[in-house]
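An overview of the molecular structure
So the chains spell out like this:
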Amino acid sequence: MIKKAYVDTSLGQIHYRYSKAEGSKSLPLVLLHKTASSSRMFEKVMLQLQDQYNMFALDTPGFGESYQPEHVPDTNYYIDALLAALDGLGIQEFNLLGHHTGANFGVEMAVKVPGRVKRMILIGPSILTIEERDHYRTVFGPAFNKPVADGSHLQKTWDYIAKMGGSSSVELHQREAIDHIQAWRGRNQAYTVVWDQDFGDYYRRVTCPMQVMCATDDVLWPYFDRALKAQPKAHSAVIAGANFEPDIDPAGIATAARTFLDATL
Amino acid sequence: MSNILPKISKGYVETDRGLIHIQQSIPLHSQPRQSVADKTLVFINITSFGGVLLDRVLPALAGLGYRTIAADMMGYGRSDKRSGSTWYIETWADNMEQVFDQLGVAPDGLICGHFAALLGVELALRQRPGMKALVLEGMPFIPPETRKANLAGGTPPPMIWDEAGSHAVEYWKTAYKLMKILDPDLQLGVPNQKVREAYIAYQEVRCFEPSTMEAAASYEIEKKVSQITLPTLVMCSDTDWNLKYHDQVKAAIPNSREHRFKGIHPLHELSRPDRAHEYVEQLQQFFSEVLTD
C-alpha cells in the first residue's frame, strides 16, 4: 500500500509517498522524479516492487506538495533539501532511482555523500556537451506554463505533455498536466539550474554500483550510449515509454531494477 | 494581527477510508497563555478550495492561542479520492469523527462552509463530548421539494477529460466564473495562488462531483437544523450564492447568532488577503464568548 506524508526540514516541508515491505532487510529505495512531475509518477513502479523494498518517493521542492522555494541558486540546493528530508526520515544509507532531472540529482548526491548512496538506478542519464545543454535550455527553458487569465497556458501545457509522449492515456495526460500546473514555478526553477550542472562530470565520479535505463523514444535516448561508455561497468536495460517510462513500462523497470539490486547485494 | 505568527504545518490523518489532508497551526510556546489556550478549532474546508483560503486565518487564530486545524473532506483538496459505495453526509461525518479521534480533539469549535456545512450540522447533532460551538457559513438550505426534484433528475455526468485537452481551459473558465460570483471585482490579471489552487481542485475532482450533489440532495437538512443545541454562529456574505438561505438558516437554529459580511466575504476577495483579519475578528468574538470553561 502506498501512503503519503510530509517530513519537516529547516527549509520547509517535503512531501513524499512511501511503501513498506514487511520484513524487508534491503536498503530503502529512494525515488526522485523528473521535471515537472511529482512522486505520483512512481506509484506504478512502487506497486511492482512493494513486496520487496521499502520505498520513499520524494516531491522535489517546488513540485507536487512540497514547499515552494523562493529562489533556487543551483542543483546543490535540491541535493541539500532532499538529503535533509532523508535525514528527517532517519534514512542514512539508501539505494536511489532517479528519472531524468531525478537522475541529475542522483549523480550529484552520490558524489556528495558517497557513503550514503549505495546503489543507483538512472532512467535517462544525460551526458551532454555545453552546446547541447545550451540547446536544451533554449528548448525547455521558456516559461510557457505561467498562469494567464485566458487559460491559454493550460492548452500549451496539455500539448507539451502530448509532444513529450504523455498522451498514451488520458489519465496519465491529466495527472501530468496537474503536476505541471502545480509546479509552474518549480519547473522553471529546475530548468534554470539543471542545464548548468555538468552531469557528465558527476556521473563519471560515481563509485557505487549503477544501472542505467532508457526508452528508445525518450528524448534523452541519443545520449544513452555515452552513459554506457562513461561507466562501462554499469548494468543497463532498454525499457519502453518515451519520457514516461515509470508509467508506461513499470513492469520493465521493476524487473530490471530487481535484477540489478539483487545482483549487487 | 501579530507580525510573528505560528507557521502552518501540513500532514495527513489515516482513516479506514483513506488519508485526510490537514493543515494545522499551533500556538507558539513563547506566546502568553490566554483563556482560549488548549481550545481547538477545526475547519472543514469548502470543497473546491481545500485549505487555501485559510492561509492567513489559521496562523492568526493560533496567534490568539487556539490550536487550529483545517481538514479537506475525503475526495476533495489533497485528501484521498473516495472509494467504495456512495458517500452520504453521514459517511463523511463518520470519516471526520475518525479524524477527530486520531487527532485527539473534540473539537471545541467546528467551522464549516457551503457543502461542508451540512457535514457540520450532522457532526453537531452527534453530540460529541467536548464539542462546544459551531459556525456555519453559506450553508445550502435547499427546500425539500427542490431536493426531491434534484434527486429525481438524476445526477449529471461528470465532466469529461478530453484527449485534446479542451477541458483544461474549460475548467479554468469554470473556476473563474464561480470565483467571480463570490468576488465580482476579481480582476482577470495574473491569477494568484488561490485561483490556481481552486482550479487544480476543480481538475482533480472534475469540478463538483455529481455524487456529492446527490448526497446534499438526500440530506434532510430542514429536519436536522432545528435539533442543533450547540451555540451556533451563522455567517454569510452579500455575494455568496447561498445568501438566499441565510435568514432561513438563522431562523431554523434555536438561539443562533448571525453575522453577514457586507459586500464580498473577506476570504473570497482574493486580491485582498489582508481582509482575513475581519473574518478572524468575527470568529474570535464568537468563540471567546462561548468557549468558556
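Residues numbered from 1 in each chain as written. Chains lettered and ligands numbered in written order. Predicted model: local features only at pLDDT ≥ 70, side-chain atom pairs only at ≥ 80, totals over all residues. Heavy atoms only, no water.

1. Remarks on the overall build of chain A
So the rule is basically this: Only DSSP runs of H or I reaching four residues or more are called helices, and only runs of E reaching two or more are called strands; each is numbered from the N terminus. Throughout, exposure labels follow a simple rule: accessible area from a 1.4 Å probe, protein chains only, divided by the maximum for the residue type, with under 20% read as buried, over 50% as exposed, and the rest as partly exposed. What makes two residues a contact is simply this: any of their non-hydrogen atoms within 4.5 Å.
From N to C terminus, chain A includes 11 helices and 8 strands. Its C-alpha atoms give chain A principal-axis dimensions of roughly 55 × 40 × 35 Å. By the burial criterion, 63% of the 265 residues in chain A qualify as buried. Long-range pairs, those at least 24 residues apart, make up 74% of the contacts in chain A between residues at least 6 apart in sequence.

2. Brief notes about the interface of chain A and chain B
Rule in force here: Accessible area, probed at 1.4 Å, shrinks when two parts are joined; the buried area is that loss added up over both. Salt bridge, as applied in this entry: a Lys or Arg side-chain nitrogen positioned within 4 Å of an Asp or Glu carboxyl oxygen. Pairing of N or O atoms within 3.5 Å defines a polar contact, subject to two protein rules: one partner must be a possible hydrogen donor and the other a possible acceptor, and residues neighboring in sequence count only if both atoms are side-chain atoms.
Across the boundary between the two partners, chain A contributes 26 residues, which contact 31 residues of chain B. For the pairing of chain A and chain B, the buried interface totals around 2400 Å² over both sides, and the portion due to carbon and sulfur atoms is 55%. Summed over the shared surface of chain A and chain B, the number is 3 salt bridges. Taken together, chain A and chain B are joined by 14 residue pairs in polar contact (both at pLDDT 80 or more).

3. A short note on the nonpolar core
All names here are of chain A. Stated formally: Buried Ala, Val, Leu, Ile, Met, Phe, Trp, Tyr and Cys residues form a nonpolar core when they are joined through side-chain atoms within 4.5 Å.
Membership of the largest hydrophobic core comes to 48 residues, with the highest contact counts inside it found for F94, M109, V117, M120, L122 and Y203. Tallying contributions element by element places helix 2 (residues 75–88) first for this core, with 8 residues. With residues up to four places along the chain from it excluded, the contact list for M120 reads L96, G106, V107, A110, V206, C208, P209, M210, Q211 and F260.

4. Things to note about the packing of aromatic side chains
Residues and elements named next belong to chain A. Keep this limit in mind: Pairing of aromatic rings covers Phe, Tyr and Trp, the last through its six-membered ring, and needs centres within 6.5 Å; plane angles under 30 degrees mean stacked, over 60 mean edge-to-face, and all others mean tilted.
Summed over the entire model, instances satisfying the criterion amount to 20 aromatic pairs over all chains. The interplanar angle of 20° and the centroid separation of 5.7 Å between the aromatic rings of Y191 and W195 together place this pair among those described as stacked. When its relative accessible area of 9% is taken as the criterion, Y191 is described as buried. Through a chain of ring-to-ring contacts, the aromatic side chains of Y136, F140, Y160, Y191, W195 and Y223 assemble into a single cluster.

5. Overview of the pairing of strand 7 (residues 232–237) of chain B
Residue and element names in this part refer to chain B. Quick note on the threshold: Any two strands with at least two DSSP-identified bridges between them are counted as paired. For a crossover, the right-handed case is the one in which the path from the first strand over the helix to the second runs clockwise, viewed with the strands pointing away from the viewer.
The buried count for strand 7 comes to 6 of 6 residues, which makes it a mostly enclosed element. The side-chain alternation of strand 7 yields two buried faces, one formed by T232, V234 and C236 and the other by L233, M235 and S237. Of the pairings in the sheet, the one linking strand 6 (residues 133–137) to strand 7 comprises 4 bridges and is parallel in character. Looking across to strand 7, one finds that L136 is bridged to V234. Handedness of the β-α-β unit built from strand 7, helix 9 (residues 246–252) and strand 8 (residues 257–261) comes out right-handed.

6. Structural notes on the confidence of the model for chain B
What counts here: pLDDT is defined as a per-residue confidence score from the predictor, taking values between 0 and 100.
Put simply, chain B has an average pLDDT of 86, and 87% of its residues get 70 or more. Here the predicted complex carries an ipTM of 0.90, next to a pTM of 0.92.

7. Observations regarding the sheet that holds strand 7 (residues 210–215) of chain A
Residue and element names in this part refer to chain A. Convention followed: To obtain each axis, a line is fitted to C-alpha atoms, and for helices this fit is confined to the stretch in contact; angles are then taken between N-to-C directions over 0 to 180 degrees.
Within the open sheet, the 8 strands sit side by side as 1-2-4-3-5-6-7-8. Their pairing is mixed. The sheet is open, and its two borders are formed by strand 1 (3–8) and strand 8 (235–239), each paired with just one other strand. Going from strand to strand, the sheet's axes swing by 25° on average, the running direction of each strand aside. Direction of pairing for strand 5 (residues 94–99) relative to strand 6 (residues 117–123): parallel, over a ladder of 6 bridges. If you follow F94 over to strand 6, its bridge partner there is V117.

8. Notes on helix 5 (residues 152–163) of chain A
Counted only if it meets this: Helices are assigned an expected span. That span is 1.5 Å times one less than the residue count.
Here helix 5 of chain A spans 17 Å end to end across 12 residues, near enough to the 16 Å set by a 1.5 Å rise per residue. A:G165 sits one or two positions beyond helix 5 of chain A and adopts a positive phi of about 95°.

9. Topic: the side chain of B:S25
All names here are of chain B. Structurally, S25 can be placed in strand 2 (residues 18–25). In this structure S25 comes out as buried when scored by relative accessible area, which is 0%. Polar side-chain contacts of S25 include one of 3.0 Å to the backbone oxygen of K7. Those residues in contact with S25 that sit more than four places away from it in its chain are P6, K7, I8, L58, P59, A62, Y66, R67 and T68.

10. A short note on the packing of helix 2 (residues 89–103) of chain B against helix 3 (residues 115–125) of chain B
Residues and elements named next belong to chain B. Stated formally: Should an angle fall under 35 degrees it is called roughly parallel, over 145 degrees roughly antiparallel, and 65 to 115 degrees roughly perpendicular, with every other angle called oblique. For this scheme, ten residues count as nonpolar: Ala, Val, Leu, Ile, Met, Phe, Trp, Tyr, Cys and Pro. Four count as charged, namely Asp, Glu, Lys and Arg, and the remainder, Gly too, count as polar.
Running from N to C, helix 2 and helix 3 cross one another at 70°; their axes reach a closest spacing of 9 Å. Taken together, the axis directions place helix 2 and helix 3 in an arrangement best described as roughly perpendicular. Contacts from I89, E90, W92, A93, M96, E97 and F100 in helix 2 reach F115, L118, L119, E122 and L123 in helix 3. Among the residues making up the contact of helix 2 with helix 3, the classes are represented as 9 nonpolar, no polar and 3 charged.

11. Re the environment of B:Q127
Residues and elements named next belong to chain B. Mapped onto the secondary structure, Q127 falls in the loop between helix 3 and strand 6. Among the residues examined, Q127 registers a relative accessible area of 56% and is labelled exposed. Residues Q127 and T229 lie 102 residues apart in sequence; the distance between their C-alpha atoms is 8.8 Å.

12. Describing the sheet that holds strand 1 (residues 9–15) of chain B
All names here are of chain B. If you trace the 8 strands from one edge of the open sheet to the other, you get 1-2-4-3-5-6-7-8, paired in mixed fashion. Two strands close off the open sheet at either side, each with one partner strand: strand 1 and strand 8. Each strand of the sheet is rotated relative to its neighbour by a mean of 20°, with strand direction disregarded. Two strands pair when backbone bridges link them, and strand 7 and strand 8 are joined in this way by 5 bridges, in the parallel orientation. If you follow L233 over to strand 8, its bridge partner there is R257.

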